[in-house]
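Commentary on secondary and tertiary structure
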Amino acid sequence: MRIGVYPGSFDPITKGHLDIIERGAKVFDKLIVGVLVNVEKKGLFDYSERVEMIKRVAKHIPNVEVKCFEGLLIDFMKHENARVILKGLRAVADFEYEFQMALMNNKLDPEVETVFMMTSGKYSYLSSTAVKQVAKFGGCIEGLVPDEIIKDIFLKIKRE
Ligand code: ADP
């Protein structure tokens with residue numbers, strides 16, 4: 001079985017992420033979305049909330065699983081019996097960082113490959129950070145994140 005892992009912070013999931021998940025699910029038998037727990041960086045949403053929101057918006061894709069992981073991605077991959085990392089590439093700006101990460105992960109475990117999927121043009125400017133900034137100032141985030149989580153974002157920001 002071909003298992004892919006799509007890692008990220010997903011704070012919160014955007015339509016750009018969901019696009020990669022939908023397309024990635026067609027390439028792998030099973031796609032595991034891995035929400036990276038970063039103890040040094042407090043995000044807007046708790047990890048369990050991020051996982052729940054991804055599950056909610058990806059429930060129409062049967063071969064997608066959503067899990068949290070802490071520590072090295074390579075260790076999570078081993079635990080899940082996966083050998084392929086899926087990454088989305090937005091622009092040239094993503095390239096340098098992703099290039100470095102891919103080489104480092106391959107150095108840590110030469111069995112692991114990273115594959116990149118180009119963003120769909122319409123989402124190339126989208127990031128979780130940009131969504132949070134727009135929402136913080138009351139801007140419209142329709143079309144940027146799945147409709148089902150718009151309310152969650154505004155509620156969370158109001159409580160901050
Ligand atoms: P963000 O930069 O939005 O905070 P993450 O760190 O959660 O996102 O990103 C997880 C993965 O999703 C990374 O591989 C990132 O390059 C990819 N990604 C993020 N936004 C998009 C997008 N709009 N289109 C394609 N890939 C994306």
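Refer to the preceding data block for the structure.
Residues numbered from 1 in each chain as written. Predicted model: local features only at pLDDT ≥ 70, side-chain atom pairs only at ≥ 80, totals over all residues. Heavy atoms only, no water.

Our focus in this paragraph is the overall build of the protein. Counting secondary structure elements, the protein contains six helices and five strands. Over its C-alpha trace the protein gives a radius of gyration of 15 Å, about what one expects of a compact globule, namely 15 Å for 160 residues. Along the three orthogonal principal directions, the C-alpha set of the protein runs to about 45 × 30 × 30 Å. Here the protein holds 160 residues, and 47% of them are scored as buried. (Helix = DSSP H or I, 4+ residues; strand = E, 2+ residues; numbered from the N terminus. Rg over C-alpha atoms; globule rule 2.2 N^0.38 Å. Buried < 20%, exposed > 50% of the residue type's maximum accessible area, 1.4 Å probe, protein only.)

Take helix H5 (residues 128-136) next. Considered for burial, the residues of H5 that qualify are Ser 128, Val 131, Lys 132 and Ala 135. Down the axis, H5 shows its buried residues gathered within 95° of arc, on one side only. Lining the buried residues of H5 we find helix H1 (15-27) and helix H6 (150-159). Two residues or fewer past H5, Gly 138 is found with a positive phi of approximately 80°. (Arc of directions from axis to C-beta. Contact = heavy atoms within 4.5 Å.)

Let's shift gears to the site of the ligand. Among the 18 residues in the neighbourhood of the ligand, the closest are listed as Tyr 6, Gly 88, Thr 119, Tyr 123 and Ser 128. His 17 has a polar side-chain atom sitting 3.1 Å from an oxygen atom of the ligand. When contributions to the shell around the ligand are tallied by element, the ones reaching two or more residues are strand S1 (3-8), H1, strand S4 (84-89) and helix H4 (92-108). For the shell around the ligand, the residue count by class is six nonpolar, eight polar and four charged. (Near = heavy atom within 4 Å. Polar contact = N/O pair within 3.5 Å; in protein donor to acceptor, adjacent residues only side chain to side chain. Nonpolar A, V, L, I, M, F, W, Y, C, P; charged D, E, K, R; others polar.)

Examined against the element boundaries, Glu 80 turns out to sit in helix H3 (residues 73-80). Glu 80 sits in the buried class, given a relative accessible area of 10%. Those residues in contact with Glu 80 that sit more than four places away from it in its chain are Ile 3, Ile 32 and Lys 67.

Let's shift gears to the pairing of strand S2 (residues 30-37). The side chains of a regular strand alternate between both faces of the sheet. Most of S2 is tucked away: seven of the eight residues are buried. Handedness of the crossover joining S1 and S2 through H1: right-handed. As defined by bridge partners, S2 adjoins strand S3 (residues 64-70) across seven bridges and the pair is classed as parallel. If you follow Val 33 over to S3, its bridge partner there is Val 66. In this fold, S2 hands off to helix H2 (residues 47-57), which returns the chain to S3; that crossover is right-handed. (Right-handed = clockwise from strand over helix to strand, strands pointing away. Pairing = 2+ DSSP bridges.)

Another aspect to go through is the environment of Tyr 47. Here Tyr 47 is to be found in helix H2. Between the C-alpha atom of Tyr 47 and that of Glu 96, which follows or precedes it by 49 residues, the distance is 27 Å. Filtering out sequence-adjacent residues up to four positions away, Tyr 47 remains in contact with Val 35, Leu 36, Val 37, Asn 38, Lys 41 and Cys 68. In this structure the side chain of Tyr 47 is engaged in a polar contact, spanning 3.0 Å, whose partner is the backbone nitrogen of Asn 38.

A cluster of nonpolar side chains, contributed by Leu 72, Met 104 and Leu 108, occupies part of the molecular surface with about 290 Å² of accessible area. Under the relative-accessibility criterion, Leu 108 is labelled partly exposed at 43%. (Patch = residues over 30% accessible without salt bridge, like charges linked within 9 Å, V, L, I, M, F, W, Y side chains within 5 Å. Areas by Shrake-Rupley, 256 points an atom, 1.4 Å probe, with all protein chains shown as cover. Salt bridge = Lys/Arg side-chain N within 4 Å of Asp/Glu carboxyl O.)

Now for the packing of H5 against H6. Remark: H5 packs on H6, axes separated minimally by 10 Å, with the N-to-C direction vectors making an angle of 65°. Between H5 and H6, the angle falls in the class roughly perpendicular. Where H5 crosses over H6, the handedness of that crossing is right-handed. Between H5 and H6, the contacting residues are Val 131, Lys 132, Ala 135 and Lys 136 on the first element and Ile 153, Phe 154 and Ile 157 on the second. The residue inventory of the contact of H5 with H6, partitioned by class, reads five nonpolar, no polar and two charged. (Axes fitted to C-alpha atoms, helices over the stretch in contact; angles between N-to-C directions. Parallel < 35°, antiparallel > 145°, perpendicular 65-115°, else oblique. Left-handed = near helix turned anticlockwise from the far one by under 90°.)

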